Amino acid sequence: MKLSLVLGALTAFAVGATALVSFADGRRNVIVKNETTKTECSACHMAYSPSFLPKESWQAIMGNLENHFGEDASLDPAQTAEIEAYLSLNAANWRSVSNPPPLRITELRWFRGEHGNRTRKRAQSNANIGSMSNCQGCHRGADRGWFDDD
Ligand code: HEC
Ligand code: HEC
């Protein structure tokens with residue numbers, strides 16, 4: 001009994017460690033493969049990788065597309081359901097998610113750590129970039145999952 005508990009804990013640890021490693025890779029490598037998501041979610045900005053946010057975030061975003069960061073991004077119910085399912089299935093696997101969940105990648109702690117004040121100023125002052133949400137303004141390969149080109 002005790003031994004199996006220990007083994008269980010070790011397995012959980014190993015699974016957690018694997019998830020961490022694949023998240024680090026995932027930031028770079030998980031590109032949007034679902035056609036509906038690729039088309040509908042790249043009309044105003046690039047289609048963000050599902051691996052940047054947990055499924056709670058994607059569900060909150062997909063549940064309120066008519067009030068989407070000041071825009072109406074609503075779709076028909078079938079498309080909404082398909083995209084929500086795709087994003088949720090490929091979402092980041094966080095140990096705990098705040099309630100309400102984060103809606104922006106650009107406000108996550110790792111993102112703010114990676115993008116300091118100088119980078120933020122550059123985004124605001126350059127009309128071709130505009131905001132930190134415009135990943136491709138700085139990472140030309142962002143839609144192909146490349147972010148270490150800068
Ligand atoms: C009608 C235009 C439009 C469409 C279509 C659209 N978005 Fe957005 N989205 C926006 C705007 C505007 C912002 C805010 C950008 C900014 O702050 O510079 C945004 C921001 C986001 C953000 C947060 C980015 C950040 O700052 O971290 C996510 C995530 C997002 N959208 C997901 C989606 C998904 C998923 C879809 C497809 C279902 C979608 N968007 C379709 C206009 C759109
Ligand atoms: C104004 C320019 C700018 C914008 C916009 C921007 N980034 Fe970055 N990003 C950078 C810079 C510069 C670095 C490199 C930081 C360093 O070298 O320490 C970076 C680093 C990164 C890294 C780490 C890369 C690595 O290999 O360590 C990731 C991941 C990333 N950005 C994702 C994003 C995403 C996702 C978006 C859009 C939501 C975004 N970035 C928008 C400038 C930008």
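That block above? That's the structure.
All values reported here derive from a predicted model rather than from experimental measurement.

### A word on the layout of surface pockets
So, step 1. Considering only enclosed or pocket space, the largest pocket measures out at about 640 Å³ in volume.
So, step 2. Within the residue set of the lining of the largest pocket, elements represented by two or more residues are α2 (35–40) and α3 (55–62).
So, step 3. Sorting elements by how many residues they give to the lining of the largest pocket places α3 first, with 3 residues.
So, step 4. The residue makeup of the lining of the largest pocket, split by class, is 16 nonpolar, 7 polar and 4 charged.

### Details of the coordination of the iron atom of ligand 2
So, step 1. Here the iron atom of ligand 2 is held by H115 (NE2) and H139 (NE2), and the distances to it run 1.9 to 2.0 Å.
So, step 2. Around the iron atom of ligand 2 sit 6 donor atoms, and with donor-metal-donor angles ranging over 87 to 179° the site reads as octahedral. Here H115, found in the loop between α5 (109–114) and α6 (117–125), pairs with H139, found in the segment after α6; they are 24 residues apart in sequence, far enough to count as distant. No difference in accessibility class separates H115 from H139, as the two residues are buried.

### Comments concerning the coordination of the iron atom of ligand 1
Note on metal sites: the ideal angle is 109.5 degrees for four tetrahedral donors, and 90 or 180 degrees for six octahedral donors.
So, step 1. Surrounding the iron atom of ligand 1 are the protein donor atoms H45 (NE2) and H68 (NE2), at 2.0 Å.
So, step 2. Considering all 6 donor atoms around the iron atom of ligand 1, the spread of angles at the metal, 87 to 180°, places the coordination shape in the octahedral class. Taken together, the positions of H45 in the loop between α2 and α3 and H68 in the loop between α3 and α4 (77–89) put the pair 23 residues apart, joining distant regions of the chain.
So, step 3. Taking the relative accessible area as the measure of exposure, H45 reaches 29% and is therefore partly exposed.
So, step 4. A relative accessible area of 16% means that H68 is categorised as buried.

Thresholds applied
Residues numbered from 1 in each chain as written. Chains lettered and ligands numbered in written order. Predicted model: local features only at pLDDT ≥ 70, side-chain atom pairs only at ≥ 80, totals over all residues. Heavy atoms only, no water. 1 Å grid on protein atoms, 1.4 Å probe; cavity = no way out; pocket = protein on both sides within 12 Å on 5 of 7 lines; lining within 4 Å. Points joined across faces, edges and corners; volume = space filled by probe spheres on them. Helix = DSSP H or I, 4+ residues; strand = E, 2+ residues; numbered from the N terminus. Nonpolar A, V, L, I, M, F, W, Y, C, P; charged D, E, K, R; others polar. Donors = N, O, S within 2.8 Å, 3.2 Å for Na, K, Ca; no water. Tetrahedral: all angles 85-135°; square planar, octahedral: opposite > 155°, others 65-115°. Buried < 20%, exposed > 50% of the residue type's maximum accessible area, 1.4 Å probe, protein only.

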